[in-house]
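Remarks on the overall topology
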Amino acid sequence: MVGSRFVKVEKRRADLRVPFPPRFASRLTGRTVTGLGRRGKYLIADLDDGNVLLLHLGMSGSFRVEANGGIRRAGIAYRATGKHAAHDHVVFHMSSGVRVVFNDPRRFGLMDLVRRAELESSRHFGAMGIEPLGNAFDAAALARLLKGRKTPVKSALIDQRLIAGIGNIYACEALWRARVSPKRTAGSLVTRAGRPTAAAARLAEGIRSVLEDAIKAGGSSLRDHMRTDGELGEFQYAFAVYDREGEPCRRRGCKGTVSAIVQSGRTTYYCPRCQR
Ligand SMILES: [Zn+2]
């Protein structure tokens, strides 16, 4: 998409989770994408008119990049139609010759157009927490966020107002990597002076490493997640605890068994033996 123009925008519904912004298709048509990025769980496409196209996959959304042949590049699926064409809600026809298709069976996804200058204060990002892969995130930053909090550390990790973009899977996996129990209160990872404990330092590292590893593996395909070339992600094969209730802990030397509990309405998987 980068450097390419929207030649035609097909919008096949009036809404996804929320209505599309007014004149969505006509405002995009003719615009060139100048860059792609991400913030939290949002995908960001910068446009040459100072606006930003915001995209969110919701629960079941995916993008597919299609071409009719001729273009041979990694990440492009060479087929005319998707498997579930009934759920292809938006099609971007790009001047490069590719089609970028948004498919979303459950329609929790979202698209919006926002002025670049107003992005950080927009309703999408105004209350969003720190970026865990950004330069500002480290053990000290994590300690500032957790200080004095009485909630379980697992619940704090998936609170998007504190840290952006950590979902249930990655919270469980990061805690396992850090050998931290999900039941500990968030504030217990911070010293009285507000400094990170050793556990907080391991957790900051665990968060960063699990997200980087998952991105490298193309994400986790449990139900719906799919890469843009239609292939599945592979991080689910690397889960240490997630969805492994009753199975042996994967930490070398640990004889524990993975447990499942419910916290803040979500299932937490952990090893009660080596996560303290
Ligand atoms: Zn263990």
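Being a predicted model, the structure only gives us computed values, none of them experimental. Residue numbers restart at each chain and count upward from 1, following the sequence in its written direction. Reporting in this predicted model follows two pLDDT cut-offs: at least 70 for local features of residues, and 80 or more for side-chain atom pairs to be given and counted; totals over whole chains, interfaces and linings ignore these cut-offs and use all residues. For side-chain calculations, the full set of non-hydrogen atoms in the structure is used, while hydrogens and water are omitted.

**Observations regarding the overall build of the protein**
The number of helices and strands found in the protein is five helices and ten strands. Only the C-alpha atoms count toward the radius of gyration. The rule for a globule is 2.2 Å times the residue count to the power 0.38. Its C-alpha atoms give the protein a radius of gyration of 21 Å, within 12% of the compact-globule value 19 Å for 276 residues. Along the three orthogonal principal directions, the C-alpha set of the protein runs to about 55 × 40 × 30 Å. A simple rule labels every residue: compare its accessible area, found with a 1.4 Å probe on the protein chains alone, to the largest value its type can have, and call it buried under 20%, exposed over 50%, or partly exposed in between. Out of the 276 residues in the protein, the part that is buried amounts to 50%. Only heavy atoms enter the contact rule, under which two residues are in contact if any of them lie within 4.5 Å. In the protein, of all internal contacts separated by at least 6 residues, the share reaching a separation of at least 24 is 61%. Accessible surface for the protein amounts to roughly 13600 Å². Of this, 49% is attributable to carbon and sulfur atoms. Charged side chains in the protein number 48 positive and 25 negative. The centres of these two groups are separated by 6 Å. Comment: elements are numbered from the N terminus, with helices defined as DSSP H or I runs of at least four residues and strands as E runs of at least two. For accessible areas, the Shrake-Rupley method is used with a probe of radius 1.4 Å. Any residue's cover is judged against the shown protein chains and nothing else. None of His or the chain ends enter the tally, which takes Lys and Arg as positive and Asp and Glu as negative. The atoms used to mark charge sites are NZ of Lys, CZ of Arg, CG of Asp and CD of Glu.

**Here we look at the nonpolar core**
Membership of the largest hydrophobic core comes to 44 residues, with the highest contact counts inside it found for Leu203 and Ile207. Those residues in contact with Ile207, other than ones at most four positions away along the chain, are Pro132, Phe137, Leu142, Leu157, Ile163, Ile166 and Ala174. The next biggest cluster of nonpolar side chains, apart from the first, holds 22 residues, and it includes Leu28, Leu53, Phe102 and Met111. The set of buried Ala, Val, Leu, Ile, Met, Phe, Trp, Tyr and Cys residues whose side-chain atoms join them within 4.5 Å is what this entry labels a nonpolar core.

**Description of the coordination of the zinc ion**
Four donors placed tetrahedrally around a metal ideally meet at 109.5 degrees, and six donors placed octahedrally ideally meet at 90 or 180 degrees. Atoms are scored as donors when they are N, O or S and lie within 2.8 Å of the metal, with 3.2 Å used for Na, K and Ca; no water is included, so coordination may look incomplete. For the zinc ion, the full set of protein donor atoms is Cys249 (SG), Cys254 (SG), Cys271 (SG) and Cys274 (SG), at a range of 2.2 to 2.3 Å. Geometry at the zinc ion is tetrahedral, judged from the four donor atoms that bind it and their angles of 104 to 114° at the metal. In primary-sequence terms, the residues that donate to the zinc ion follow C-x4-C-x16-C-x2-C. With a gap of 17 residues between them, Cys254 in the loop between α5 (198–216) and β9 (259–263) and Cys271 in the segment after β10 (266–270) connect regions that are remote in the sequence. Classification of Cys254 by relative accessible area gives buried; the value is 15%. The rule is simple: four donors are tetrahedral if all their angles sit between 85 and 135 degrees, four are square planar and six octahedral if opposite donors span more than 155 degrees and the others lie between 65 and 115, and anything that fits none of that is irregular.

**Points about the packing of helix α4 (residues 168–178) against α5**
Convention adopted: a line fitted to C-alpha atoms gives each axis, helices being fitted over their contacting stretch, and angles between N-to-C directions are expressed from 0 to 180 degrees. With their axes 8 Å apart at the nearest point, α4 and α5 run at an angle of 130° to one another. With respect to each other, α4 and α5 are oriented oblique. Both α4 and α5 take part in a crossing whose hand is right-handed. Residues Tyr170, Glu173, Ala174, Leu175, Arg177 and Ala178 of α4 form the contact with α5, whose own contacting residues are Arg202, Leu203, Gly206, Ile207, Ser209, Val210, Leu211, Asp213 and Ala214. Reported orientations rely on four angle classes, namely roughly parallel under 35 degrees, roughly antiparallel over 145, roughly perpendicular from 65 to 115, and oblique for the rest. Definitions for this section: a left-handed crossing has its near helix turned counterclockwise from the far helix by less than a right angle. A right-handed crossing has that turn clockwise.

**Brief notes about the packing of aromatic side chains**
Ring pairs (aromatic) are described by centroid distance and by the angle formed between their planes. Between 30 and 60 degrees the pair is tilted, below 30 it is stacked and above 60 it is edge-to-face, where a pair is any two Phe, Tyr or Trp rings, Trp via its six-membered ring, whose centres lie within 6.5 Å. Under the counting rule described, the total for this entry stands at eight aromatic pairs. The ring of Trp176 carries the charged tip of Arg251 above its face, separated from the ring centre by 4.1 Å. Put simply, a charge is over a ring when the Lys NZ or the Arg CZ is close to the ring centre, within 6 Å, and near the line of the ring normal, within 35 degrees.

**Re helix α2 (residues 139–146)**
Regarding α2, the residues found buried are Ala139, Ala141, Leu142, Ala143 and Leu146. Contacts from the buried residues of α2 go to α3 (153–157) and α5. A 3.5 Å cut-off defines polar contacts: any pair of N or O atoms within that distance qualifies, except that in protein one atom must be a possible hydrogen donor and the other a possible acceptor, and neighbouring residues in sequence count only when both atoms are side-chain atoms. Capping the start of α2 is the job of one residue whose side-chain oxygen sits 3.2 Å from the backbone nitrogen of Ala140: Asp138.

**Describing unusual backbone geometry**
Phi at Arg107 takes a positive value of approximately 55°, unusual for a residue other than glycine. Within the secondary structure, Arg107 is located in the loop between β7 (99–103) and β8 (110–115). Arg107 sits in the partly exposed class, given a relative accessible area of 31%. Positive phi, close to 55°, is recorded for Arg179, a residue that is not glycine. Relative to the assigned elements, Arg179 resides in the loop between α4 and α5.

**Here we look at the sheet that holds strand β4 (residues 51–56)**
Pairing between the strands of a sheet comes from backbone hydrogen bonds, and it takes one of two forms, parallel or antiparallel. A sheet is described by the order of its strands in space; here four strands give the open sequence β2-β3-β4-β8, paired in antiparallel fashion. Here the strands that pair on one side only, and so sit at the sheet edges, are β2 (33–39) and β8. Each strand of the sheet is rotated relative to its neighbour by a mean of 20°, with strand direction disregarded. Two strands qualify as a pair provided that DSSP identifies no fewer than 2 bridges between them. Bridging between β4 and β8 involves six bridges; their strand directions are antiparallel. Paired with Leu55 across the two strands is Met111, which belongs to β8.

**Some thoughts on α4**
For α4, the tally of buried residues reaches ten of eleven residues, placing the bulk of the element in the interior. Asn168, Ile169, Tyr170, Ala171, Cys172, Glu173, Ala174, Leu175, Trp176 and Ala178 are the residues of α4 that are buried. Summarising the contacts, the buried residues of α4 are in contact with α3, α5 and β10.

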